[in-house]
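What the coordinates show
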Amino acid sequence: MATKHEQILQYINSLPVGEKISVRQIAKDINVSEGTAYRAIKEAENKGYVSTIERVGTIRIETKKKENFEKLTYAEVVNIVDGQVLGGRAGLHKTLNKFVIGAMKLEAMMRYTGAGNLLIVGNRTNAHQYALEAGAAVLITGGFDTEDSVKKLADELELPIISTSYDTFTVGTMINRAIYDQLIKKEIVQVEDILTPLEKTIYLKTTDTVATWYQNNYETGHGRFPVIDQNIKVHGIVTSKDIMGHDHSTIIEKVMTKNPVTVIGKTSVASAAQMMVWEGIEVLPVVDQHHRLQGMISRQDVLKALQMIQRQPQIGEKLDDIVTNQFITIEDETKRSSIFRCEVSPQMTNHLGTISYGVFTTLVTESVNRYLRAQKKGDIIVENITIYFIKPVQMETMLELHPKILEVGRKFGKIDIEAYSEGMVVGKAMMMVQLIER
């Protein structure tokens, strides 16, 4: 029997896309308290069933597929440009496939404007009307309004007409930036992208015996299994170490390791790798918001995914990419080490025109990462870093980084880095890292 909370979630999920919901209405429709309705709506928001948009309300939305991430809905545009919805509110959930800047004659503008577009234009009422008739939504810049007949048409066609106080150039830049950010998010591989799903996961129940562990171990060759109760909630994990010396009839609940480390589907793979290295564990159960088992990930899955990410072509550049893409590696044969060169561009400086602390940290980390990778030591997780600025580094000067291994084992490394500019030492760093074996 589903709980009230689950019933509300099922109800919200069954609503048509674009429907507006409220705590009071849900409480009334399902006959629950407003507190229960509020908690369920928040959960629905976490799951991506609904979205709360300022000045609009809570709207039932389409669950976004990862591959469509670079598409924006009109509701998201309202948020990006701090807009006001003048009409066509029912169409806010729709996605736009192109935006058109209306800075030309009306006939030319209409040639470029079609269904699923967003026309960005000033106070040209004719253009607003023609765009709606062509199946496009309208974003009016400069804080202008439109005629009531146009608002009425927008309501009939369920195509939003939005007003913003920003100018056309600023709006175009803001939307571009938002799409760019979506592309970067798309690159980040999450646990849900690589997990072994529940139907393929071998697990034990709290009421099973040690004999069941032996049977699963014989059939699969694995020794680590999550332990769940009758509601599929994770209570523990059991390994060969846990069952050692116990009788075959012993209940699993008595021998398992309780409260194991778990991750949720939205955790990034890099973050899961860090947990596995720090905790020294081989497998991680993946759970939902209610701690119910969703699947498993292993250290091999994680390492394979991390290597795959490195081979992916960059789609949206992150700040780190912009900084480190300018690196030139020079092999120093005499000292059997590598030198990393980078020109300090204006983007890398602070308000004084010298290299910023954050950029210097990124350069130091990346030089160590590349140096250790070249030495076949695998990837790194920085544990701590101490940085000394000795002299300011001006923009448009060449910076040279010289990493030197002080000590390196199977799992840890200690590296000293010297930074030179025009032949002088300008900075130093000492870094402690954990190594992720390949």
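Our subject is the structure listed above.
One structure accompanies this document, and this report is about it. (Residues numbered from 1 in each chain as written. Predicted model: local features only at pLDDT ≥ 70, side-chain atom pairs only at ≥ 80, totals over all residues. Heavy atoms only, no water.)

With that settled, consider the overall build of the protein chain. Each helix and strand in the protein chain was counted, giving 16 helices and 24 strands. Over its C-alpha trace the protein chain gives a radius of gyration of 28 Å, far above what one expects of a compact globule, namely 22 Å for 438 residues. Overall size of the protein chain, expressed as C-alpha extent along the three principal axes, is 80 × 70 × 35 Å. In the protein chain, which comprises 438 residues, the proportion classed as buried is 44%. The long-range fraction of contacts in the protein chain, counting pairs at least 24 apart against all pairs at least 6 apart in sequence, stands at 54%. Surface exposure of the protein chain reaches about 23,500 Å², of which carbon and sulfur atoms provide 50%. With 51 positive and 53 negative side-chain charges, the protein chain shows a separation of 2 Å between the mean positions of the two kinds. (Helix = DSSP H or I, 4+ residues; strand = E, 2+ residues; numbered from the N terminus. Rg over C-alpha atoms; globule rule 2.2 N^0.38 Å. Buried < 20%, exposed > 50% of the residue type's maximum accessible area, 1.4 Å probe, protein only. Contact = heavy atoms within 4.5 Å. Areas by Shrake-Rupley, 256 points an atom, 1.4 Å probe, with all protein chains shown as cover. Lys, Arg positive; Asp, Glu negative; His and termini not counted. Charge placed at Lys NZ, Arg CZ, Asp CG, Glu CD.)

Another point: the environment of G143. Relative to the helices and strands, G143 resides in the loop between β9 (137-140) and α7 (148-157). As for G143 and L96, which are separated by 47 residues in sequence, their C-alpha atoms are 22 Å apart. Contacts of G143, omitting those with residues within four sequence positions, involve S163, T164 and S165.

Turning to the sheet that holds strand β10 (residues 161-163), a few remarks are in order. If you trace the five strands from one edge of the open sheet to the other, you get β5-β10-β9-β8-β7, paired in mixed fashion. Two strands bound the open sheet, and with one partner strand each, they are β5 (84-87) and β7 (98-101). Mean inter-strand twist for the sheet, computed between neighbouring axes without regard to direction, equals 25 degrees. Examined bridge by bridge, β5 and β10 share three bridges and lie antiparallel to one another. When the bridges of β10 are listed, V85 appears paired with I162. Here α7 sits on the sheet and contacts β5 and β10; the angle it forms with β5, its principal contact strand, is near 90 degrees. (Pairing = 2+ DSSP bridges. Axes fitted to C-alpha atoms, helices over the stretch in contact; angles between N-to-C directions.)

Turning our attention to the pairing of strand β14 (residues 234-238). Along β14, four of the five residues are buried, which leaves the element largely enclosed by surrounding structure. Relative to β14, strand β13 (residues 225-228) runs antiparallel, the two being bridged by four bridges. Within β14, the residue paired with I228 across the bridge is V234. Hairpin remark: β13 followed by β14, antiparallel, with five residues in the connecting loop; positive phi at I232, about 65 degrees. Inspection of the sheet shows β14 paired to strand β15 (residues 257-258) by two bridges, in the antiparallel sense. Bridge assignment links G236 to a residue of β15, and that residue is K258.

On to the nonpolar core. Membership of the largest hydrophobic core comes to 27 residues, with the highest contact counts inside it found for I355, F360, L363, L399, L401 and I417. Only β20 (337-343), α16 (357-374), β21 (379-389), β22 (398-408), β23 (412-421) and β24 (424-436) provide two or more residues apiece to this core. It is α16 that contributes the most residues to this core, seven residues altogether. Those residues within four positions of L399 in sequence are excluded, and the remaining contacts are F340, R341, C342, V344, I355, F360, L363, V393, A419, Y420, S421 and V426. Counting residues in hydrophobic clusters, the runner-up holds 19 residues, among them I194, M276, V286 and L306. (Core = buried A, V, L, I, M, F, W, Y, C linked by side-chain atoms within 4.5 Å.)

Let's shift gears to the sheet that holds strand β11 (residues 196-197). Within the open sheet, the four strands sit side by side as β11-β18-β17-β16. Their pairing is mixed. Two strands in the sheet have a free side with no partner beyond their single neighbour: β11 and β16 (263-264). When β16 meets strand β17 (residues 283-287), the two strands line up parallel, connected through two bridges. The residue bridging I264 from the neighbouring strand is V287, located in β17.

Before going further, it helps to examine the packing of helix α1 (residues 4-14) against helix α2 (residues 23-30). Relative orientation of the contacting elements α1 and α2 amounts to 110 degrees, with a least axis distance of 11 Å. Taken together, the axes of α1 and α2 are roughly perpendicular relative to one another. α2 is crossed by α1, and the crossing has right-handed handedness. Counted together, Q7, I8, Y11 and I12 of α1 and Q25, I26, D29 and I30 of α2 form the full contact between these two elements. (Parallel < 35°, antiparallel > 145°, perpendicular 65-115°, else oblique. Left-handed = near helix turned anticlockwise from the far one by under 90°.)

This brings us to α1. For α1, the set of buried residues is H5, I8, L9 and I12. The arc that holds every buried residue of α1, seen down its axis, measures 100 degrees, which confines them to one face. Facing away from the buried side of α1 by more than 90 degrees, the exposed set consists of Q10 and S14. (Arc of directions from axis to C-beta.)

Under the defined criterion, the tally for this structure stands at four aromatic pairs. Centroid distance Y357 to F389: 5.7 Å. Interplanar angle 75 degrees. Geometry classified as edge-to-face. Of this pair, Y357 sits in helix α16 while F389 sits in strand β21, and the two are 32 residues apart along the sequence. Chaining the aromatic ring pairs together yields one cluster made of Y357, F360 and F389. (Phe/Tyr/Trp six-rings, centres within 6.5 Å; stacked < 30°, edge-to-face > 60°.)

Listing the buried residues of helix α13 (residues 269-279) in full gives V269, A272, A273, M276 and V277. When α13 is viewed along its axis, its buried side chains cluster within an angular range of 135 degrees and face the same direction. Among the residues trailing α13, G280 stands out with phi positive, at a value near 65 degrees.

Below, the discussion takes up the packing of α2 against helix α3 (residues 34-47). With their axes 8 Å apart at the nearest point, α2 and α3 run at an angle of 115 degrees to one another. When the axis of α2 is compared with that of α3, the two are roughly perpendicular. As for the relative orientation of α2 and α3, their crossing is right-handed in sense. The segment α2 lies against α3, with V23, R24, I26 and A27 engaging E34, A37, Y38 and I41. Tallied by class, residues from the contact of α2 with α3 come to six nonpolar, no polar and two charged. (Nonpolar A, V, L, I, M, F, W, Y, C, P; charged D, E, K, R; others polar.)

So yeah, pure geometry; function would need other evidence.
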